[in-house]
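# Inside the fold
Here are the chains, one letter per residue:
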Amino acid sequence: MTAVTSVTDNTAPNAVVGAGGRLPNAIQVDVRPNGHPLGDEGGQARAVPAVGHEQFRTAEPQAARQFFADAYDPGWRLTAMSSRSAVTHRRCETGWVTVDEVLIQGRVALEVPAGDAIEVIQPRAGSLTVTGGPLPAADSPVLVAHNMSCALQVNGARFDVVSVAAEALQRVVPDWGAPASPQAQFLNWRPRSRAAVRAWHRALDYVTATLASPETAQQPLIVAAMAPLLAGAILECYPSTVTDQEVSNGSAVPESLKDAVSFIHRNAAADVGINDVAAAVHLTPRAVQYLFRRQLNTTPTEYMRRVRLNRAHQDLVTGAPSATTVTEIAQRWGFAHTGRFAVLYRQTYGQSPHATLRQ
């Protein structure tokens, strides 16, 4: 089967033009960076964010490989596609937000690199696994951002890919009382809690339903609100230097300490120690020890243990006893001795890790 691409617009749902084309009656968009539409000097009709739709389908590996390379920036890499597989891709795009529905028939392997935009992969149905660790739950979204890439193993699955421009996230950062800063970074691809996942699902379902409605292209204020809504939901869902940083952003805190804390959060699942932290911030281990003791009244090792214990707690809360074990989660976050992990966990959370996993 050959690849087929079409572009439509919500103002005329049944019209089809060639790839990259525009409908004659498509409403063009001019939106200020803060999300407010522009108008002419006479206060007449406001420019409206365009809601564009594209569709692609192929059963040819080479066509699928080229499509994924072109559809994302940086391009996704198709590393395997079994015979009699097929890819269907539907895109809805407006301003700073792109929502894709991807349907894979058969087995496909994809490498997803991190780029400037923030991407969230939302499983919907079928079998989808991520290298680097199992999903906390079957419907758990996967974050691709900054230095956090991933690889997908798909076997007859449907999933969404939500792309939000970094600018959209920076616009909502001040809502947490933090200054808009290019240093705001996500610290883990796993959601922080099940409640945060549910909030993300509600936001995404609202956006997809709204953008699918033919009337939405005629409602510029609603369209302009989609990016801030998704950006806020992403920041609420995942730990970041904005929402989870235990170090103040004040000028009194040394930048080297902020960088050290950020390094620990980003590498909590890796086999790193104080020497790695010191090398990352270009200080000696003794200097790093001094910074943590003076500013946080703790040691880098104790801080790292607390971060890892919190990640293990999140996995226990969201995990299913039929899909994982306490031992697997403990080892995932660097606790080789399950008994010691259980003692530390009970001291911190007031119950055994087995009790949390069964809840």
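As shown above, the structure is provided for reference.
Residues numbered from 1 in each chain as written. Predicted model: local features only at pLDDT ≥ 70, side-chain atom pairs only at ≥ 80, totals over all residues. Heavy atoms only, no water.

## Some details on the overall build of the protein chain
To keep it simple, the criterion reads: Runs of E in the DSSP output that reach at least two residues are strands. Runs of H or I that reach at least four are helices, and both are numbered from the N terminus. Each residue's exposure class comes from its accessible area (1.4 Å probe, protein chains only) as a fraction of the maximum for that residue type: buried when under 20%, exposed when over 50%, partly exposed otherwise. Contacts between residues were defined by any pair of non-hydrogen atoms, one from each residue, lying within 4.5 Å. For accessible areas, the Shrake-Rupley method is used with a probe of radius 1.4 Å. Any residue's cover is judged against the shown protein chains and nothing else.
On a plain count of helices and strands, the protein chain comes out with twelve helices and nine strands. In the protein chain, buried positions account for 47% of the 359 residues. In the protein chain, once contacts between residues fewer than 6 apart in sequence are set aside, the share between residues at least 24 apart is 68%. In the form shown here, the protein chain has an accessible surface area of approximately 17300 Å², with 50% of it arising from carbon and sulfur atoms.

## Topic: the environment of valine 343
Relative to the assigned elements, valine 343 resides in helix 11 (residues 338–349). We classify valine 343 as partly exposed; its relative accessible area is 48%. In sequence terms valine 343 and proline 353 are ten residues apart; their C-alpha atoms lie 9.1 Å from each other.

## Re helix 8 (residues 285–296)
The following threshold applies: Expected helix span is given by 1.5 Å per residue-to-residue step, counting one fewer step than there are residues. What the arc describes is the spread of directions from the helix axis to the C-beta atoms.
For helix 8, spanning twelve residues, the distance from its first C-alpha to its last is 16 Å, which sits close to the expected 16 Å at 1.5 Å a residue. Within helix 8 the residues assigned to the buried category are Val288, Leu291 and Phe292. End-on view of helix 8: buried residues confined to an arc of 95°, all on one side of the axis. For helix 8, the exposed residues lying more than 90 degrees away from the buried face are Arg286, Tyr290 and Arg294. As for helix 8, its buried residues are in contact with helix 6 (255–266), helix 7 (274–280) and helix 9 (300–318).

## Thoughts on the environment of serine 149
Here serine 149 lies in the loop between strand 8 (142–144) and strand 9 (150–164). Owing to a relative accessible area of 49%, serine 149 belongs among the partly exposed residues under this scheme. Linking serine 149 and alanine 114, residues 35 residues apart in sequence, is a C-alpha distance of 4.9 Å. Apart from residues no more than four positions distant in its own chain, serine 149 is found in contact with Val112, Pro113, Ala114 and Val144.

## Observations regarding the nonpolar core
Operational definition: We define the nonpolar core as a collection of buried residues of types Ala, Val, Leu, Ile, Met, Phe, Trp, Tyr and Cys that are connected through side-chain atoms lying within 4.5 Å of one another.
Trp76, Leu143, Leu152, Phe159, Phe186 and Ile234 are the most contacted members of the largest nonpolar core, which has 60 residues in total. Not counting the four nearest positions on each side in its chain, leucine 152 is found in contact with Trp76, Val108, Ala109, Leu110, Val112, Ile121, Leu128, Thr129, Val130 and Phe159. The next biggest cluster of nonpolar side chains, apart from the first, holds 27 residues, and it includes Val261, Phe263, Leu291 and Tyr345.

## Things to note about the packing of helix 6 against helix 9
The condition that has to hold: Between N-to-C directions, angles span 0 to 180 degrees; the directions come from axes that are lines fitted to C-alpha atoms, helices contributing only their stretch in contact. Roughly parallel means an angle under 35 degrees; roughly antiparallel means over 145; roughly perpendicular covers 65 to 115; every other angle is labelled oblique. It is the rotation of the near helix from the far one that decides the hand of a crossing: anticlockwise by less than a right angle makes it left-handed, clockwise makes it right-handed. We call Asp, Glu, Lys and Arg charged. Ala, Val, Leu, Ile, Met, Phe, Trp, Tyr, Cys and Pro are nonpolar, and the rest, Gly among them, are polar.
Running from N to C, helix 6 and helix 9 point in directions that differ by 40°, and their axes come no closer than 10 Å. In terms of their interaxial angle, helix 6 and helix 9 are classed as oblique. Remark: the crossing between helix 6 and helix 9 carries right-handed chirality. Of the residues in helix 9, those in contact with Val261, Ile264 and His265 of helix 6 are Pro300, Tyr303, Met304, Val307 and Arg311. Here the contact of helix 6 with helix 9 is composed, by residue class, of six nonpolar, one polar and one charged.

## Quick word on the packing of aromatic side chains
Note the cut-off: Pairing of aromatic side chains requires ring centres within 6.5 Å, counting the rings of Phe and Tyr and the six-membered ring of Trp. Pairs whose planes differ by under 30 degrees are stacked, by over 60 edge-to-face, and all others tilted. The rule for a charge over a ring is simple: NZ of Lys or CZ of Arg within 6 Å of the ring centre, and within 35 degrees of the ring normal.
The full count for this structure, using the stated rule, is seven aromatic pairs. Taken together, a centroid distance of 4.0 Å and an interplanar angle of 10° make the contact between phenylalanine 56 and phenylalanine 67 stacked. Note that phenylalanine 56 is positioned in strand 3 (residues 52–58) and phenylalanine 67 in helix 1 (residues 61–71), a separation of eleven residues in sequence. Accessibility expressed as a relative area gives 5% for phenylalanine 56, which makes it buried. A ring pair is formed by phenylalanine 335 and phenylalanine 341, whose centres lie 5.0 Å apart and whose planes are at 45°; its orientation type is tilted. Across the pair, phenylalanine 341 and phenylalanine 335 agree in class, each one buried. Grouping aromatic residues by their ring pairs yields a cluster made of Phe56, Phe67, Phe68, Tyr72 and Trp76. Over the ring of tyrosine 72 we find arginine 91, and its NZ or CZ is 5.3 Å from the ring centre.

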